[in-house]
Amino acid sequence: MADDLGPISDKDDGSGARAATPDLTAVHAEAMKRADEAWVFEADNVTRGREDQRFYAGDQWDEASKKARGTSRPMLTVNRLPTFVRQLTGDVRQNPPAVKVLPAKGPASQQTADILNGVIRDIEAESDAVACYVYAVDNAAQSGQGAFRIVTEYADDEGFDQEIRIRPIRDPFGVMVDPMAQFPDKSDMDYAFVFERMSVAAFRTKYPDASVDDAPMGSAAVAGSQPFSWRTGDTVRVAEYWRKEITNRTVYQLEDGSTSNALPKGAQPKNRREVTDTRIVMYMVSGKEVLSGPHLWAGKMIPICVVPGEESTIDGATLRRGIIRDAKDAQRLYNYARTAAAESIALQPKVPFLLTPNMIAGYEDMWDTAGTENHPYLLYQPDKLNPSGLPQRSQPALGQQGLDSQAMLSAQDIEAVTGIFKANLGAPSNETSGKAILSRQKEGDTGTFLYIDNLRRAIAYCGRCLVDLIPKIYDGERIVRMLKEDGSAEMVPVNKATRPQTLGGQSQVMNDLSVGKYSVQVSTGPSYLTRRQETAQTLVQLTQSMPLVGQVGPDLVVKALDFPGGDELAARLERTIPPQIKGDAPPQPPPPNPKDVADAARSAAQAKLYNAQAEETEIKAIAEALPILQSLAAIPQTLAALKAQVDSLGGAGPMQPAPGAPPMLPGGPPVPPPPGAPPQASNGLDLAELEPIGESTP
């Protein structure tokens, strides 16, 4: 047992402190006291649980019945109980509960949670954890209690890296935990024992310096109960004694909001509170002394996972039982009915003869063996007292229909007390559709679901232990294997230091498993393989009822079937699917919104209206300016007439406008020249053709 623990003393609790060596005498006295304390509460559960185990194994006739029947009468055992237990454990084998890690607090990330999920799956695969779970729930169904455990081992003989493993505890009563624990998963237990029996010779070989001759047959007497025995005959009991060590400390909140375990000198705390620190220590003990220890466990929870059966608290004591306890009487009655029926049938060839002593005088040996040997004839002689009489058999016993009816009722009683009926065991029933059959099976599973639920709690506690333990065991830079849900593996580096991105920057740790807080959930639904098989069945049914499914997704149907060469066939089928079905073609623009279309048409109409109005305004302006333009068109003719008039007069006219002024029309104001025209004199001459007049010109 201790060897399974691995190098637990080589790892500290994360603070660098190692277990101090306490007074081993006081530790041993505490262990003996707690063993007696637990035995007071568990003695009845252990005694009756052992009886249930033996009954399940086939020892179903009590001593009084065996003695009364002796060796000449049959005692049949038609054990129907294993079928019911296997129905329960078969669900666990097919659909084991699965641990799922989720980010909870602090700098926790989904990426690290996925790594923890993959590492836990790898631990379960390497440990064959499903077998450990099945042992635990099988023992819980048989005797009312089961358990499994977590251990650490060196990865190989050449290094110091450790690995975590899950191991079974075959003997359900090889574990005794704190009876004061209140939580269903016993996670609040303060101590636990894991026992092992060994011969005296093996004990002396393994612990040559330990004393065995004076080991007590029982520890200190306990009122109302037989003391717990540490030695029986030639066997010695040793135990792993797990205990929590609690230390108190004060946490201070400073003015800046930070917290500290030590108050700086002269500082006044803003707040303070008392907290407790827990570490787990294990000692190997016998009934006489501490054999080894202390061994410090790296985690902060006792790594013993208990799977209880059905529990009832009566008068402060917890009574625990499995499905065998209530089925024992019905099974005994079934055995008796089948035995009585068989005994009645066996007596049919031995129906006695009716005759007189004189008839068989001299032939007694032949008649004495008539029921056991096949004689070709039976001799007799006539009796003078009964001259017409012949030896005759008495009326044979009829079949015992009452016994057959009683056997049927007993079988029904077994089904009723276990909650598992014939239909749940695969027997034909009135249901014909697959949905109805599944519904009936689900009803049967509901009757025994408390065992699956108790296993779920134990696995959830195991998951929390692993999440707490993994960062401390896988504490250095290393590459771990993580298994994905579909069974594929990936090698991932953890706790790997990376170089800083900039000069003077700080290095980062990639996939730091010690950062953040994570929670654990456990699902009890179908496993990934089961869900995949159900998906394949559903797709096949869809393709039969809806052929379009097979046309748009034949590759997905083939992938789900999971047969050799299926991936290659699915890849070929995928290449035949049109791009628009796979979504590879560019997306078509969505149809326009009717409101947007109406708004655009309204805007276009308004724009046309504005253009028409602008054109109308321009036409009106041109019409109003037309007389002016006609007047302007007559200006050159008027100027020409004026020039001719000036030339005919031979001099200036009566009016001489100022130099540079525009010519004046008769009876009107001067008219400005057209844009770009050269300046003209008042008499209509082209001033550009005149010579400039200097200052000296008279």
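Being a predicted model, the structure only gives us computed values, none of them experimental.

Undergrad: For the side chain of Asn 335, give the residues involved together with the corresponding values.
TA: Note that Asn 335 resides in helix α7 (residues 323-346). Its relative accessible area of 1% is what places Asn 335 among the buried residues. Of the polar contacts made by the side chain of Asn 335, one reaches the backbone nitrogen of Val 78; its length is 3.0 Å. Leave out the neighbours within four places in its chain, and Asn 335 touches Gln 60, Trp 61, Leu 76, Thr 77 and Val 78.

Undergrad: Describe the environment of Met 491, listing the residues and the values that go with them.
TA: Checked against the element boundaries, Met 491 lands in strand β17 (residues 489-494). Considered as a pair, Met 491 and Val 480 are 11 residues apart in the sequence and their alpha carbons are 5.7 Å apart. Aside from chain neighbours lying at most four places away, what touches Met 491 is Ile 479, Val 480 and Arg 481.

Undergrad: Requested: an account of the nonpolar core, with residues and values cited.
TA: What tends to happen in soluble globular proteins is that the nonpolar side chains get buried as a cluster. Membership of the largest hydrophobic core comes to 84 residues, with the highest contact counts inside it found for Phe 148, Ile 164, Phe 203, Ile 470 and Tyr 474. Counting residues per element, this core draws most heavily on helix α11 (residues 449-473), which supplies 14 residues. What Ile 164 contacts, discounting residues up to four positions off in sequence, is Ile 123, Ser 127, Ile 150, Val 151, Thr 152, Leu 466, Leu 469, Ile 470, Ile 473 and Tyr 474. Formed by 22 residues, the second largest nonpolar core is a distinct cluster that contains Ala 31, Phe 195, Ala 239 and Val 285.

Undergrad: Pulling in residues and values, what's your account of the sheet that holds strand β11 (residues 304-308)?
TA: The strand order across the open sheet formed by three strands is β3-β2-β11, and the pairing between neighbours is antiparallel. One side of each edge strand has no neighbouring strand; the edge strands of this open sheet are β3 (162-168) and β11. Here the strands of the sheet are splayed against their neighbours by 20° on average, with no regard to which way each runs. The sheet contact formed by strand β2 (residues 145-154) and β3 spans seven bridges and is antiparallel. Of the residues in β3, the one forming a bridge with Arg 149 is Arg 167.

Rules used in this analysis
Residues numbered from 1 in each chain as written. Predicted model: local features only at pLDDT ≥ 70, side-chain atom pairs only at ≥ 80, totals over all residues. Heavy atoms only, no water. Helix = DSSP H or I, 4+ residues; strand = E, 2+ residues; numbered from the N terminus. Buried < 20%, exposed > 50% of the residue type's maximum accessible area, 1.4 Å probe, protein only. Polar contact = N/O pair within 3.5 Å; in protein donor to acceptor, adjacent residues only side chain to side chain. Contact = heavy atoms within 4.5 Å. Core = buried A, V, L, I, M, F, W, Y, C linked by side-chain atoms within 4.5 Å. Pairing = 2+ DSSP bridges. Axes fitted to C-alpha atoms, helices over the stretch in contact; angles between N-to-C directions.

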